[in-house]
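Chain residues, written in single-letter form:
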Amino acid sequence: MSITVTTWSLEQTSPADLRPAAEPGDDVRIARAEVPSPEFSRFLYTAVGGDIHWTDRLAMAYAEWQEWLGRPGVETWVAYEKGTPAGYVELQAQDGGSVEIVYFGLIPAFRGRRIGGHLLSYATARAWDLAERWPQLPPTKRVWLHTCSKDGPHAMDNYLRRGFTLFDTKAAEEPETAAPGPWPGAGV
């Protein structure tokens, strides 16, 4: 059996495009994971993406995670609520001054609590100032991402409210699979 998956690509072409969300409160903070940690990054990836079919990195070996996370301009920003990881954003610098928001999302228990808009706002601002932390990279000229019809029901609206604009839409047939959950055998 297969399903049609629509993928939308969105972008900002100026820091002035960003329309920040309100902060959710004093109990939420965002910090960069400055030490590349395959274990932590894989935890975030599976905890956030387990119920929305994130599977592309599940087969990556430890060394592949380590190599990826150690690349210049790859950053992981984590939202915490009362000290507990609530979600994350992974940024990747690309050629020509583009920065991709490669992954963005919240752990299911933290969705619907106004953390996502704040995390996306904060991470987008960090994408715009990425070259300040990586002086060997050119200044950011564009921040972009993609989302798809398998993502959460509020994902697209959050991106649009933060000032991203649509630049491409594609539809493709994919095999229908069960969501893997945060770890093998976990119920979602």
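Residues numbered from 1 in each chain as written. Predicted model: local features only at pLDDT ≥ 70, side-chain atom pairs only at ≥ 80, totals over all residues. Heavy atoms only, no water.

(A) How the structure looks around the pattern of salt bridges. The final tally for this structure, using the stated rule, is 12 salt bridges. Between Lys-82 and Asp-27 there is a salt bridge, with the nearest N and O atoms lying 3.9 Å from each other. Of this pair, Lys-82 sits in the loop between β3 (74-81) and β4 (84-93) while Asp-27 sits in the loop between β1 (2-12) and β2 (28-32); the two residues are 55 residues apart in sequence, bridging distant segments of the chain. On the basis of relative accessibility, which here comes to 65%, the residue Lys-82 falls in the exposed class. We note a salt bridge from Arg-32 to Glu-75, for which the minimum N-O separation is 3.8 Å. Of this pair, Arg-32 sits in strand β2 while Glu-75 sits in strand β3, and the two are 43 residues apart along the sequence. By relative accessible area, which is 23% here, Arg-32 ends up partly exposed. Judged by its relative accessible area of 1%, Glu-75 falls in the buried class. (Salt bridge = Lys/Arg side-chain N within 4 Å of Asp/Glu carboxyl O. Helix = DSSP H or I, 4+ residues; strand = E, 2+ residues; numbered from the N terminus. Buried < 20%, exposed > 50% of the residue type's maximum accessible area, 1.4 Å probe, protein only.)

(B) Looking closely at the environment of Ala-61. Among the structural elements, Ala-61 can be located in the loop between α1 (38-49) and α2 (62-69). For Ala-61, a relative accessible area of 38% corresponds to the partly exposed category. Ala-61 sits 23 residues away from Pro-38 along the chain, and the two C-alpha atoms are 9.3 Å apart.

(C) Highlighting α2. Along α2, the residues that are buried comprise Trp-65, Trp-68 and Leu-69. Relative to the axis of α2, the buried residues are bounded by an arc of 90 degrees and lie together on one face. Across α2 from its buried face, at more than 90 degrees, point the exposed residues Ala-63 and Glu-67. Buried positions along α2 lie against α1, β3 and β4. (Arc of directions from axis to C-beta. Contact = heavy atoms within 4.5 Å.)

(D) Main features of the side chain of Gln-12. Relative to the helices and strands, Gln-12 is located in strand β1. Judged by its relative accessible area of 0%, Gln-12 is buried. At 3.0 Å, the side chain of Gln-12 and the side chain of Trp-128 are in polar contact. Not counting residues within four places of it along the chain, the set of residues in contact with Gln-12 comprises Asp-17, Leu-18, Thr-124, Trp-128, Lys-141, Arg-142, Val-143, Arg-162, Gly-163 and Phe-164. (Polar contact = N/O pair within 3.5 Å; in protein donor to acceptor, adjacent residues only side chain to side chain.)

(E) Structural detail: the sheet that holds β3. Within the open sheet, the seven strands sit side by side as β2-β3-β4-β5-β6-β1-β7. Their pairing is mixed. Here the strands that pair on one side only, and so sit at the sheet edges, are β2 and β7 (165-175). Put simply, the sheet's adjacent strands are angled 20 degrees from each other on average, direction ignored. Packed on one face of the sheet, helix α3 (residues 115-128) meets β1, β2, β3, β4, β5 (98-106) and β6 (142-148) and runs near 160 degrees to β5. (Pairing = 2+ DSSP bridges. Axes fitted to C-alpha atoms, helices over the stretch in contact; angles between N-to-C directions.)

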